[in-house]
Amino acid sequence: MGGECIFQSSQPVNRYLQCHELVLYKYRNHAKNLLVIVIIDFRIRLPRLYSTLSALTSLDYVTTTGPSQPYGQQHLNEPLLDHREGQLFLTEAFKVILEEVLCKGTDVNEKSHPTPQGNLRLFAGVDYHALTGRFLTEALNTSQYTYEVAPVFVLMEDEVLSKLRSLVGWAQGDGIFCPGGTMSNMYAMNLARYRAFPEVKLKGQWALPRLAVFTSQESHYSVMKAAAFQGIGTENVFKVNVDDRGCMITDDLSEKIELAKSQGAVPFLVHATSGTTVQGAFDPLEPIADICDRQGLWMHVDAAWGGSVLFSKEHRHLMRGVERADSVTWNPHKMMLTGLQCSAILLKDTTDLLKRCHSADATYLFQQDKFYDMSLDTGDKSIQCGRKVDCLKLWLMWKAVGSQGLEERVDRAFAHTRYLVEKMMKREGFQLIGKPEFVNVCFWFIPPSLRGKENSPDYQDRLSKVAPVIKERMIKQGTMMVGYQPLGGRVNFFRMIVISPQLSYQDMTFFLDEIERLGNNL
């Protein structure tokens, strides 16, 4: 498919790159003197215009020449790729990224409202230092399995993990960056099982008794995925009751542990949460740690969402007792704005448990007679072999803004949350699920047609339909992106996440006005 082809209005197109089923084209629109970059996704057969570039007379590399030689027919002494052409293309692509993604993405004149992209999700905004680290990581394209292929990044990862552990309260320990919080939680479950039953690595699950995991009703669904993936079974995940705020009730945890024992199961892991996905609840870690100590259980804290409160002197009390845990999941790509993906599993262990649990001793990678300290090879700690460099973007951002700068981001998010709640409580039609403990603001919007009709038999059914309709309208009109969900016995309600440092009080006011505008006629 190399060379010239026809794209819609018979304009000459020169295909630049094909990758699987995504094809990127560039062509000259002579009528408007534009160089156009087009991405065609052949999976859906719909061409998508990605961006336009103002044409420059020096762009003589945009050609409409005949077909190039097929792969395999070039002279073997000649390079297969034209680096000059590729580098010129990359130069123009970066201009598109800067203009279309970064500049226009936050430009009030380009949007119906200057709401920073993604400020309503659990990852939001852009940090330019971290973004630079992401660009560098992709350009260098190395893996972290051995010191020899990524020496600087191996040392950098160790330093960053050590710094994160110090915020948890551990002077020593271990850890590794993982491809997301789900994988970090899976690591914790696997390590807990291995510590309790090291024979599982050789003999498998069949040699073990029935195992039991304990987590709250509002914990992340990755706990269930991990139990299924590791052969423990989802029926062996005991869901602990929560209070109205979504926090684990420790008395019920003790009861569930005794229930599991009475059924012949062997408890081995308590999975606590600091910052639940929906309500942003923080489980009480101190009493949970007391139970784990008495029962001899591994205590894991999923702080993927809430871990960044540890930067804040004002708010770190939410995770009081975290230093007593055996492991912690923390996603800097969420509240710290490091960019997807950046997740760490942090361990208190100093006995090399991570490596003993996951090592396969591949002699073609981990030769024992290397000229450097073999402990620097991290590949046997990981489930993966090839592993992306996720430490650079965090390191670069942290060095640039400092711990104080990250603390300011956390405190600012809490301040905006308080402001939003104060304004919401003064407006008719907004009903909070509860006072937020974190930066998750959960509420119903009651349109005028439903106000005062709470006792009607169809009230809950009608209320459940409000959030989906408002969500559809905001998406189609392109004004905001706010999530909604049911939870327990509660029908659909909105969940506003306030974390982007680009937000202002003006944005909070716009949010409330827009909800009213979209829902008042329902």
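Above: the structure in question.
Residues numbered from 1 in each chain as written. Predicted model: local features only at pLDDT ≥ 70, side-chain atom pairs only at ≥ 80, totals over all residues. Heavy atoms only, no water.

J.: Just checking my understanding: could you explain the environment of Val322 for this structure?
T.: Its location among the elements puts Val322 in the loop between β10 (298-303) and β11 (327-330). Linking Val322 and Gly169, residues 153 residues apart in sequence, is a C-alpha distance of 7.7 Å. Once you skip the residues sitting within four places of it in the chain, Val322 turns out to touch Val168, Trp170, Leu285, Val301, Leu310 and Val328. (Helix = DSSP H or I, 4+ residues; strand = E, 2+ residues; numbered from the N terminus. Contact = heavy atoms within 4.5 Å.)

J.: Before we go on, may I ask you to explain the sheet that holds strand β8 (residues 237-240) in this structure?
T.: Hydrogen bonds along the backbone pair up the strands of a sheet, which may run parallel or antiparallel. Spatial ordering of the open sheet is given by β6-β12-β11-β10-β9-β7-β8, a layout of 7 strands whose pairing is mixed. In this open sheet, the two strands that pair with only one neighbour each are β6 (174-178) and β8. Across the sheet, the mean angle from the axis of one strand to that of its neighbour is 20 degrees, orientation sign disregarded. Sheet topology note: the strand β9 (residues 266-273)/β10 ladder contains 5 bridges and is parallel. When the bridges of β10 are listed, Val270 appears paired with Met299. Against the sheet, helix α6 (residues 222-229) makes contact with β7 (211-216), β8 and β9, and its axis sits at roughly 165 degrees relative to β8, the strand it touches most. (Pairing = 2+ DSSP bridges. Axes fitted to C-alpha atoms, helices over the stretch in contact; angles between N-to-C directions.)

J.: How should I be thinking about the side chain of Thr329 in this particular structure?
T.: With respect to the element layout, Thr329 can be found in strand β11. There is a polar contact of 2.8 Å between the side chain of Thr329 and the side chain of Asn185. Side chain to side chain, Thr329 and His300 meet in a polar contact 3.1 Å long. (Polar contact = N/O pair within 3.5 Å; in protein donor to acceptor, adjacent residues only side chain to side chain.)

J.: Please explain the pattern of salt bridges as it appears in this structure.
T.: Side chains bearing opposite charge may pair, as long as their charged atoms lie close to each other. Taken as a whole and judged by the stated rule, the model has 23 salt bridges. As a salt-bridge pair, Glu148 and Lys370 come within 2.7 Å of each other at their nearest N and O atoms. Of this pair, Glu148 sits in the loop between α2 (128-140) and α3 (151-168) while Lys370 is found in the loop between α9 (353-358) and α10 (391-425), placing the two residues 222 residues apart along the sequence. Residue Glu148 is classed as partly exposed on the basis of its relative accessible area of 47%. (Salt bridge = Lys/Arg side-chain N within 4 Å of Asp/Glu carboxyl O. Buried < 20%, exposed > 50% of the residue type's maximum accessible area, 1.4 Å probe, protein only.)

J.: Where do I start with the environment of Cys292 in this structure?
T.: Here Cys292 shows up in helix α8 (residues 285-295). Sequence separation of Cys292 and Phe268 is 24 residues, and the distance between their C-alpha atoms is 9.2 Å.

J.: What am I meant to see in helix α1 (residues 83-103) here?
T.: In an α-helix, one turn spans 3.6 residues, which is why side chains three or four residues apart end up on the same side. Compared with the 30 Å implied by 1.5 Å per residue over 21 residues, the 28 Å span of α1 between its first and last C-alpha is a close match. Of the positions making up α1, those classed as buried are Phe89, Glu92, Ala93, Val96 and Leu102. (Expected span 1.5 Å × (residues − 1).)

J.: In this structure, what is going on with unusual backbone geometry? I would like to understand it.
T.: Outside of glycine, negative phi angles account for most residues, and trans bonds account for most peptide bonds. Omega for the peptide link from Leu340 to Gln341 comes to -10 degrees, which places this bond in the cis form. Take Gln341: it is sitting in the loop between β11 and β12 (343-347). Its identity as a non-glycine residue notwithstanding, Asn141 has a phi of 50 degrees, on the positive side. Summarising the element assignment, Asn141 is placed in the loop between α2 and α3.

J.: Can you walk me through helix α7 (residues 250-262) in this structure?
T.: Helix length check: α7, at 13 residues, gives a terminal C-alpha distance of 19 Å against a target of 18 Å (1.5 Å per residue), a fit within 8%. Turning to α7, its buried residues number three or more, namely Thr250, Asp252, Leu253, Lys256, Ile257 and Ala260. For α7, the buried positions fall inside an angular range of 145 degrees around the axis, keeping them on one side. Projecting away from the buried face of α7 at angles above 90 degrees are the exposed residues Asp251, Glu255 and Ser262. (Arc of directions from axis to C-beta.)

J.: Is there a simple way to think about the side chain of Asp127 in this case?
T.: Inspection of the secondary structure puts Asp127 in the loop between α1 and α2. Judged by its relative accessible area of 4%, Asp127 is buried. Within polar-contact distance, the side chain of Asp127 engages the backbone nitrogen of His129 at 3.0 Å. A polar contact of 2.5 Å, which involves the side chain of Asp127, links it to the side chain of Arg409. Other than its neighbours up to four places away in sequence, Asp127 contacts Leu337, Met397, Val401 and Arg409.

J.: Please clarify how the sheet that holds strand β14 (residues 440-445) should be interpreted in this entry.
T.: Read across the open sheet, the 4 strands follow the order β13-β14-β16-β15; overall the sheet is antiparallel. Lying at the two open borders of the sheet, with one neighbouring strand each, are β13 (430-432) and β15 (483-487). Within this sheet the neighbouring strands show an average axis-to-axis angle of 45 degrees, counted without direction. In terms of strand pairing, β15 meets strand β16 (residues 490-497) through 4 bridges, oriented antiparallel. Considered in β16, the bridge of Leu487 is made with Arg490. Relative to the sheet, helix α12 (residues 466-477) contacts β14, β15 and β16, its axis offset from that of β16 by approximately 40 degrees. Running at roughly 25 degrees to β14, helix α13 (residues 505-519) makes contact with β13, β14 and β16 of the sheet.

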